[in-house]
Amino acid sequence: MINMKTETKEISHLLVKGNYYYIYDFVHIDGRRERIYGKTEEETRRKVAELEQKKMEYWNSIDFKSKKLAEMIDYYVQFHRGDIHGKKLQAILSLKKTHFEKSEINRLVNELTLEEVQKFYDSIQRNCTPAKIKQVHQLLENVFAFAMEHGTVMLFDYHEIDTQKKETSEGRYILTPSELEKLKKVCEDSLDEDIMKSRRGILLYIFGIRSGIPVAMGAKIQNTDFDLENGIVRISKSKNEYHLPKECVDWLKKCDKDGELYITGKNSNGRYRGLAPDKTEWYVFSNTDLECLPVMTQVHQLNYFLERAELPYSTTFKTIRKAFIVKELLNGVSVEDVCQRYCLWYKGQAQKILEEYQIQHPESEEQIRQIIEEYHKSHPVAARKLGKKRGKASETTE
């Protein structure tokens, strides 16, 4: 096959049933592909030119000045069908749906200002990974360039947008109680839809949200670590007893009874469910081979659930545990009980979690302050020690 380029396209010389043809794969506006044949190169060029002329007439008939950003992204995808890989086009459409359709900058492109676009970037800093921000920026850059090529006048130079991730005092994001409940509902809906390969992987996330045990740690829990009669689980073969909330214990018993999880490993008839009779220990939240879920699988699934729930990507396994502890404290559980039940190493750790949560959620300041004050009244020594530490820290800063 001999390749010969026209001004903008590529024509191939192909032998078909003893005859040579000049062929070209043309992509129509709707994405449909058509192979153009010609006995001579000039004939093929002429046919391609006629189709290209119709294509350009279609694009020239569109008034791009009256298009919103999401519509402009659709036209950009349509214009580049055949030039960009299909998977990349699907990724662009996915970005449009998740980041632009309901955003404040989804309005007429020729009316957007640098301040508005910069505000949009700043708003996604907490919710997106650096890689995702890079994808968003690349898409916007290409779409703005496409709009300008088709006669849209921009009010700013899109190269001036600051895409660097801002350093904030928030760190990793701690979910509010309502957001934690939303994440749990998304996980439970995923179970109903049966869209994941490992149902136990989803159950592991639900367990982490209900118990406050980090997912990476929960993945290593074996059946012998559970004592559901007393509502206790021993983590990582240690002597530390983690007290499970009553609703979590009831949920585990139901999963065991229904065969969703193997805790007792037996059904109502006393027979083992899919396990060898001599097997006495196994991972409760395992894959189909009863092996511990890989760490990367756990991370990818977390990002998937966060995206479906429209929650910040800076949420981690550790901050989900912190969110659970905050929820318990806000529900009236004392600091002493929280530390004892959920294996916090010292009582000051609960206060640090509350203060970190308060920085990220200023609307909870009054409620958090009352919890901390009640703790200090019952533990004046701890309050004095904390005050001294903060005093030394402020002197060092000065």
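A quick note: this is a predicted structure, and the numbers were derived from the prediction, not measured.

Caption draft 1: Spotlight on the nonpolar core. L183, F207, F226, Y242, L244, L252 and F285 are the most contacted members of the largest nonpolar core, which totals 62 residues. Every element with two or more residues in this core is listed here: α6 (177-193), α7 (199-211), α9 (246-258), α10 (295-309), α11 (317-330), α12 (335-341), α13 (347-360) and α14 (365-378). At 8 residues, the largest contribution of residues to this core is made by α11. The contacts of L244, once residues within four sequence positions are left out, are F207, S211, I213, F226, G231, V233, V249 and L252. In this structure, I62, F64, I92 and V109 belong to the second largest nonpolar core, which totals 33 residues.

Caption draft 2: View of the side chain of T315. By the secondary structure assignment, T315 is in the loop between α10 and α11. One polar contact links the side chain of T315 to the main-chain carbonyl oxygen of P312, over a distance of 2.9 Å.

Caption draft 3: Up close: the side chain of R321. The topology assignment puts R321 in helix α11. E328 provides the closest opposite charge to the buried, salt-bridge-free R321, at an N-O distance of 11 Å.

Caption draft 4: Structural view of the sheet that holds strand β7 (residues 241-243). Read from one edge to the other, the open sheet built from 3 strands follows the order β5-β6-β7, with strand pairing classed as antiparallel. Of all strands in the sheet, those with a lone pairing partner are β5 (226-227) and β7, marking the two edges. Two elements, strand β6 (residues 232-234) and β7, share 3 bridges in a ladder whose sense is antiparallel. Across the sheet, R234 pairs through a bridge with E241, a residue of β7.

Caption draft 5: Quick peek at helix α4 (residues 114-124). Residues V117, Q118, F120, Y121 and I124 constitute the buried set of α4. The arc that holds every buried residue of α4, seen down its axis, measures 150 degrees, which confines them to one face. When the buried face of α4 is taken as reference, the exposed residues oriented beyond 90 degrees from it are E115 and K119. Along its buried surface, α4 packs onto α3 (86-100) and α5 (130-149).

Rules and cut-offs
Residues numbered from 1 in each chain as written. Predicted model: local features only at pLDDT ≥ 70, side-chain atom pairs only at ≥ 80, totals over all residues. Heavy atoms only, no water. Core = buried A, V, L, I, M, F, W, Y, C linked by side-chain atoms within 4.5 Å. Buried < 20%, exposed > 50% of the residue type's maximum accessible area, 1.4 Å probe, protein only. Helix = DSSP H or I, 4+ residues; strand = E, 2+ residues; numbered from the N terminus. Contact = heavy atoms within 4.5 Å. Polar contact = N/O pair within 3.5 Å; in protein donor to acceptor, adjacent residues only side chain to side chain. Lys, Arg positive; Asp, Glu negative; His and termini not counted. Salt bridge = Lys/Arg side-chain N within 4 Å of Asp/Glu carboxyl O. Pairing = 2+ DSSP bridges. Arc of directions from axis to C-beta.

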